Amino acid sequence: MGKTGEKISILGFGCMRLPTYGRYDDIDRKQASKLLDFALESGVNYLDTAYSYHGDGGNGGDSEVFLGEYFKDKDCREEVYLATKLPVWLVKKKDDMERFLDWQLERLQTDYIDFYLLHSVKERNWSYLEDMGVLNFLDDALANGRIKYTGFSTHDEIELFKDVTDSYNWDMCLIQYNYLDEEIQAGHEGLKYAFERNMGIAVMEPLKGGVLANHTPPEVKKIWDNAPIKRTPGEWAFRYLWNYPEITTVLSGMNSMQHLVENIFTATDGKSNSLTSTELKIMEDVKEAYQGKIEVDCSACHYCMPCPNGVNIPGCFSYLNQAAMLDDPTEVHIQYKFMLKDEEKADMCTGCGVCEELCTQKIRVSEKMKRVKEEFK
Ligand SMILES: NC(=O)c1ccc[n+]([C@@H]2O[C@H](COP(=O)([O-])OP(=O)(O)OC[C@H]3O[C@@H](n4cnc5c(N)ncnc54)[C@H](OP(=O)(O)O)[C@@H]3O)[C@@H](O)[C@H]2O)c1
């Protein structure tokens, strides 16, 4: 991991999408433990969580609590690198930072966090956090051993990314990166920028929250089918990322054994600069074929949830994207009708805009909900 010298597995376990019993805040602990057991046995040694994961709308979620129980049960805390994040949007004064860190250590049943990140730094909160003394807080936490290394995550633009990067001696950062998102947010420029500064780089949303693996437009499918090497769309997406020497670890939210096994298998061949020119050309063709096919850039991160009016925002957008990608969307229309409850559908959207404040992809949700209504009327 960059200047730290720590040896991190190239596949990290994203604990934002653990298996649940349906509701996002109701983790299926038995299945989640099984997945973690298998991941750790297979060499995955980096777990990424956050105060808010598996909670409701930014408040304390169950992901950290589950991990704390898991570490205790399996007595395996020392075997993993644990990354978690300060929920900066809940910080109103410097004491809050201390309070959150202590509370997170308690939830995680540990004395230290390996990688402590400022969660989702934005232009509108960065100077406020600096003025409040967030960098001194990190210095103190490092000095007294409660955290080992520092980092930040952001979905904001490259200017903010550089500004934050230059403001502190960060060990690492977490950025959204996948073959369709190289020119947005920190993007490729940010990747290079952080790498030149010897920071470790963890990647989130490598499959765009699953879109790149699960919803393939016919034009893209044709390219995969004609490729001389047979790989699943997920394998192509991961191999593309691991080809970059700048990327330290790719985090994936893996909530089924099938996905976990596939991603671990793909990682065995994930070497930097390993793709041939033919393979890179295939990826360029795929990127081109995707142009205009994704109607909403939703990565289903759930930061917008719960909607005050009950709309299942990521669900609605997933159906809209699927319908937009297919020549014949009849099946998707049927799924929208029967898989979503009426109270979760776009008709419930009042355009209040609460979600737009929280959206990591800056989607104009209210506008797009009108498209969902129109598509599925
Ligand atoms: N700090 C931040 O602001 C922030 C934001 C987002 C994410 N993150 C972190 O980054 C981690 C990774 O991001 P992500 O969860 O969005 O990763 P991702 O890999 O882009 O998306 C995960 C989803 O992809 C699908 N998937 C995974 N492996 C697959 C495979 N082999 N074949 C088919 N589908 C597969 C699953 O979707 P289905 O369940 O639909 O099948 C899974 O839920 C998160 O878990 C979280 O820890 C941080």
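Residues numbered from 1 in each chain as written. Predicted model: local features only at pLDDT ≥ 70, side-chain atom pairs only at ≥ 80, totals over all residues. Heavy atoms only, no water.

*Asks:* Before we move on, could you go through the nonpolar core and cite the residues and values that matter?
*Replies:* Taken as a class, soluble globular proteins show a tendency for nonpolar side chains to be buried jointly. Counting residues in each nonpolar core, the largest one holds 85 residues, and the members touching the most others are Phe13, Leu86, Leu118, Trp126 and Trp170. No other element matches the six residues that helix H10 (residues 233–242) contributes to this core. When near neighbours in sequence (up to four residues on either side) are disregarded, Trp170 contacts Lys3, Leu118, Trp126, Leu135, Leu138, Thr150, Gly151, Phe152, Val164, Thr165 and Met199. With 23 residues, the next largest nonpolar core counts Ile313, Ala346, Cys355 and Phe376 among its residues. (Core = buried A, V, L, I, M, F, W, Y, C linked by side-chain atoms within 4.5 Å. Buried < 20%, exposed > 50% of the residue type's maximum accessible area, 1.4 Å probe, protein only. Helix = DSSP H or I, 4+ residues; strand = E, 2+ residues; numbered from the N terminus. Contact = heavy atoms within 4.5 Å.)

*Asks:* Before we move on, can you summarise the pattern of salt bridges with the specific residues and values?
*Replies:* In this structure the tally under the stated criterion is 31 salt bridges. Measuring nitrogen to oxygen at the nearest pair gives 3.3 Å for the salt bridge that ties Asp156 to Lys362. With Asp156 in the loop between strand S5 (147–154) and helix H6 (158–166) and Lys362 in the loop between helix H15 (354–358) and helix H16 (365–375), this pair connects stretches of sequence that are 206 residues apart. Through salt bridges with shared partners, one network takes in Glu295, Arg371, Glu374 and Glu375. (Salt bridge = Lys/Arg side-chain N within 4 Å of Asp/Glu carboxyl O.)

*Asks:* Outline the site of the ligand, supporting the account with residue identities and numerical values.
*Replies:* Taken together, 28 residues surround the ligand, and among them Arg17, Asp48, Leu207, Ser252 and Asn263 come closest. For the ligand, an oxygen atom lies 2.9 Å from a polar atom in the backbone of Gly209. Contacts to the ligand include Asn214, whose side-chain N or O atom sits 3.4 Å from a nitrogen atom. Contact with the protein chains removes 90% of the 900 Å² of surface that the ligand exposes when unbound. Top contributing element to the shell around the ligand by residue count: helix H11 (residues 257–267), with three residues. When grouped by side-chain class, the residues that make up the shell around the ligand number ten nonpolar, twelve polar and six charged. (Near = heavy atom within 4 Å. Polar contact = N/O pair within 3.5 Å; in protein donor to acceptor, adjacent residues only side chain to side chain. Areas by Shrake-Rupley, 256 points an atom, 1.4 Å probe, with all protein chains shown as cover. Nonpolar A, V, L, I, M, F, W, Y, C, P; charged D, E, K, R; others polar.)

*Asks:* How would you explain empty space enclosed by the protein if you had to name every residue and give the values?
*Replies:* A full pass over the atoms with the stated rule returns three cavities of 30 Å³ or more. Looking at the largest cavity, its volume works out to about 100 Å³. In terms of lining, the largest cavity is formed by 15 residues, of which the most central are Cys298, Cys301, Cys304, Cys359 and Ile363. In the lining of the largest cavity, the residues fall into eleven nonpolar, four polar and no charged. (1 Å grid on protein atoms, 1.4 Å probe; cavity = no way out; pocket = protein on both sides within 12 Å on 5 of 7 lines; lining within 4 Å. Points joined across faces, edges and corners; volume = space filled by probe spheres on them.)

*Asks:* Mind laying out the sheet that holds strand S8 (residues 249–252), listing which residues take part and the relevant values?
*Replies:* In spatial order, the strands read S1-S2-S3-S4-S5-S6-S7-S8; together these eight strands close into a barrel with parallel pairing. With direction set aside, neighbouring strand axes in the sheet form an average angle of 25 degrees. (Pairing = 2+ DSSP bridges. Axes fitted to C-alpha atoms, helices over the stretch in contact; angles between N-to-C directions.)

*Asks:* So, a negative patch on the surface: which residues are in play, and what are the values?
*Replies:* A surface patch of negative charge is lined by Glu123, Glu130, Asp131, Glu159 and Asp163. No other element matches helix H4 (residues 123–132), which puts three residues into the negative patch. Overall, the relative accessible area of 43% leaves Asp163 in the partly exposed class. (Patch = residues over 30% accessible without salt bridge, like charges linked within 9 Å, V, L, I, M, F, W, Y side chains within 5 Å. Lys, Arg positive; Asp, Glu negative; His and termini not counted. Charge placed at Lys NZ, Arg CZ, Asp CG, Glu CD.)

*Asks:* Explain the side chain of Arg77 residue by residue, including any values.
*Replies:* Relative to the assigned elements, Arg77 resides in the loop between helix H2 (63–74) and strand S3 (81–86). In this structure Arg77 comes out as buried when scored by relative accessible area, which is 8%. Within the structure, Arg77 has its side chain in polar contact with the side chain of Thr110 (distance 2.9 Å). Not counting residues up to four positions away in its chain, the partners in contact with Arg77 are Phe71, Leu82, Thr110, Tyr112, Ile113 and Asp114.

*Asks:* So what's going on with unusual backbone geometry? Residues and values would help.
*Replies:* Looking along the chain, the bond that leaves Met305 and enters Pro306 is cis, with omega of 0 degrees. By the secondary structure assignment, Pro306 is in the loop between helix H12 (277–290) and helix H13 (313–325). Despite not being glycine, Gln185 shows a phi value in the positive range, around 50 degrees. If you trace the backbone, Gln185 turns up in the loop between strand S6 (172–176) and helix H7 (187–196).

*Asks:* Explain the pairing of strand S4 (residues 113–121) residue by residue, including any values.
*Replies:* Taken across its nine residues, S4 has nine buried, putting it largely inside the fold. The pairing of S3 with S4 spans four bridges and is parallel. Each bridged residue has a counterpart across the sheet, and for Leu86 the counterpart in S4 is Leu118. The parallel pair S3 and S4 is bridged by helix H3 (residues 94–107), and the resulting crossover is right-handed. (Right-handed = clockwise from strand over helix to strand, strands pointing away.)

*Asks:* Describe the packing of helix H9 (residues 218–226) against H12, and please don't skip the residues or the numbers.
*Replies:* Where H9 meets H12, the axes come as close as 8 Å, and the angle between the chain directions of the two elements is 165 degrees. As summarised for this structure, H9 and H12 are arranged roughly antiparallel, according to the angle between their axes. The crossing of H9 and H12 is right-handed. On H12, the residues touching Glu219, Val220, Ile223 and Trp224 of H9 are Ile282, Met283, Asp285, Val286, Ala289 and Tyr290. (Parallel < 35°, antiparallel > 145°, perpendicular 65-115°, else oblique. Left-handed = near helix turned anticlockwise from the far one by under 90°.)

*Asks:* Outline the pairing of strand S1 (residues 11–14), listing residues and values.
*Replies:* Regular strands place side chains that alternate from one sheet face to the opposite one. Burial along S1 is two-sided: the face carrying Leu11 and Phe13 and the face carrying Gly12 and Gly14 are both buried. Summarising the sheet, S1 and S8 pair through three bridges and their orientation is parallel. When the sheet's bridge partners are listed, Phe13 is paired in S8 with Ser252. As paired strands, S1 and strand S2 (residues 46–48) are joined by two bridges and run parallel to one another. Bridge pairing in S2 links Gly14 to Asp48. The β-α-β motif built from S1, the intervening helix H1 (residues 29–41) and the parallel element S2 has right-handed crossover chirality.

Shape is all these values report; function is a separate question.
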